[in-house]
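Residues per chain are reported as follows:
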Amino acid sequence: MAAPLDLLDLDTLLNDEERDIRAVVRRVADDKVRPHVAGWYEDGEVPVRELALEFGKLGLLGMHLTGYGCAGASAVSYGLACLELEAADSGVRSLVSVQGSLAMYAIWKYGSEEQKQRWLPGMAAGELIGCFGLTEPDHGSDPANMSTRARRDGADWVLDGGKMWITNAPLADVAVIWARGEEGVFGFAVPTDTPGFSAREIKNKMSLRASSTGEITLDGVRLPESARLPEARGLKAPLSCLTEARFGIIWGSMGAARDCLRVAIDYATTREQFGRPIGGFQLTQAKLADMSLELQKGYLLALHLGRLRDSAGALRPEQVSVGKLNNVREAIAIARTCRTILGGNGISGEYPVMRHANNLESVLTYEGTSEIHQLVIGQKLTGLNAFA
Ligand SMILES: Cc1cc2nc3c(=O)[nH]c(=O)nc-3n(C[C@H](O)[C@H](O)[C@H](O)COP(=O)(O)OP(=O)(O)OC[C@H]3O[C@@H](n4cnc5c(N)ncnc54)[C@H](O)[C@@H]3O)c2cc1C
């Protein structure tokens, strides 16, 4: 947060190390992402490998993990990094989240020592790209009913099925794939050059265009037992990875919102209609004031959850649901309201606001839709399961 948005002196809640990390990430976002991202978005192409190497150099990949080349940063520092990256673009933050909190975390938490040694140092450096395949064409919010199958064949496993909407899949070196076997859900670290594995880029996205998203086909993918994540038992394992990644979204969404509000204030104080700046009209000021409240409340919520996680070691799923539901919902509302302040210019790619608003549509849906988070919270409040 910076003037004029930091009305509550929220910066005083951070320590020097956190402020330093934030400054470094803000600088890399300003230098390596902002000047190009509108073009990447328009073209629907993003240099994932170049960015991953850049982020790897700074220790942003698997930043909150320890060992294997990972930075071992606090949850709050990781959150601040997500916020600064998403202030540039949600797709770029997604690259870092999927790499660190989904693919690397799954291997770090559930993998064998051999799998960790094989994949994590290269992934932390950005030399290897990972993806995380849980969603399927016919099973999104309800992954328990997944169709992808893992069957034993002698000493091997054979995977058959497909995964949909998988970030980074088209260029990944390793795919963490979740599949149902006889004894429940298993996870596998699949080298993407294994015969029978293929991934195609999903085109025509209207959101998160500066991010690579793919559909994976698994056609008799034969793997040794050493590719199975030995500590992953049941659906709890992939769901715990999602809890990890959602934490980054709670922060990141506030970055997108902050960027929109920054641009809207700048626009409102320079754009004149009826002979004066539109920011001088009470209706515009009411919008700006209300948005700044939600931005600061959302930031405080993210910071509270980060501090809780740093002290308790983990967050409960419903705590993460409170953060994701609130902050993404408020971020998208802020982006849409800022869009109105920019009038016709609000729909132009010359300004980042519509790009953020469109990106947040994906952020609202992935890692659990708003409705699913409402159900998680509702279940906690009532003790009643309303999922099915
Ligand atoms: C750009 C992008 C990137 C993604 N990256 C990844 C990735 O890297 N890895 C991965 O595994 N997945 C990824 N996803 C998939 C994402 O997690 C799913 O899209 C999401 O979980 C929703 O699943 P679905 O699209 O099948 O929607 P559905 O589950 O079909 O839901 C459709 C609607 O029905 C509602 N709904 C469903 N069930 C209920 C219920 N019980 N009660 C009330 N409402 C309900 C939902 O809330 C939603 O509004 C990505 C998605 C996008 C868009």
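Quick caveat, the model's predicted, so the values are computed rather than measured.

Here the focus is the environment of Glu-18. Tracing the chain through its elements places Glu-18 in helix 1 (residues 16-43). Between the C-alpha atom of Glu-18 and that of Arg-151, which follows or precedes it by 133 residues, the distance is 47 Å. Those residues in contact with Glu-18, other than ones at most four positions away along the chain, are Leu-13, Ser-74, Val-76, Ser-77, Leu-80 and Arg-307.

Moving on: the nonpolar core. Counting 100 residues, the largest nonpolar core has Phe-55, Phe-132, Trp-178, Leu-229 and Trp-251 as its most contacted members. If one sorts the elements of this core by residue count, helix 6 (residues 236-270) sits on top with 17 residues. Leave out the neighbours within four places in its chain, and Trp-251 touches Val-76, Gly-79, Leu-80, Cys-82, Leu-83, Tyr-299, Ala-302 and Leu-303.

For the rest of this paragraph, the subject is the site of the ligand. Every one of the 17 residues lining the ligand counts as a neighbour, but Thr-135, Ser-141, Trp-165, Thr-369 and Glu-371 are closest to it. With respect to the ligand, the side chain of Thr-167 contributes an N or O atom lying 2.9 Å from a nitrogen atom. Contacts to the ligand include Glu-371, whose side-chain N or O atom sits 2.8 Å from an oxygen atom. When the ligand is considered free in solution it has 970 Å² of accessible area, and contact with the protein chains removes 68% of it. Among the elements that make up the shell around the ligand, the one with the highest residue count is strand 3 (residues 156-167) (three residues). Of the residues assigned to the shell around the ligand, the class counts are eight nonpolar, seven polar and two charged.

In total, this model carries seven aromatic pairs according to the counting rule given. Seen in terms of ring centroids, Trp-157 and Phe-186 are 5.0 Å apart; in terms of plane orientation they differ by 55°. Their pairing is tilted. With a gap of 29 residues between them, Trp-157 in strand 3 and Phe-186 in strand 5 (residues 184-191) connect regions that are remote in the sequence. The class of Trp-157 is buried, set by a relative accessible area of 2%. Connected via pairs of aromatic rings, a cluster forms that spans Trp-157, Phe-186 and Phe-188. Above the plane of the ring of Phe-247 lies Arg-309, whose end atom (NZ or CZ) is 4.7 Å from the centre.

Further remarks concern the UniProt feature "domain: Acyl-CoA oxidase/dehydrogenase middle" (unreviewed entry) in the protein. Under the present numbering, the feature "domain: Acyl-CoA oxidase/dehydrogenase middle" (unreviewed entry) in UniProt falls on residues 131-221. A distance of 16 Å separates the end C-alpha atoms of residues 131-221, which is 0% helix and 55% strand.

Rules used throughout
Residues numbered from 1 in each chain as written. Predicted model: local features only at pLDDT ≥ 70, side-chain atom pairs only at ≥ 80, totals over all residues. Heavy atoms only, no water. Helix = DSSP H or I, 4+ residues; strand = E, 2+ residues; numbered from the N terminus. Contact = heavy atoms within 4.5 Å. Core = buried A, V, L, I, M, F, W, Y, C linked by side-chain atoms within 4.5 Å. Buried < 20%, exposed > 50% of the residue type's maximum accessible area, 1.4 Å probe, protein only. Near = heavy atom within 4 Å. Polar contact = N/O pair within 3.5 Å; in protein donor to acceptor, adjacent residues only side chain to side chain. Areas by Shrake-Rupley, 256 points an atom, 1.4 Å probe, with all protein chains shown as cover. Nonpolar A, V, L, I, M, F, W, Y, C, P; charged D, E, K, R; others polar. Phe/Tyr/Trp six-rings, centres within 6.5 Å; stacked < 30°, edge-to-face > 60°. Lys NZ or Arg CZ within 6 Å of the ring centre and 35° of its normal. UniProt positions renumbered as here; feature names shortened; annotations may be inferred.

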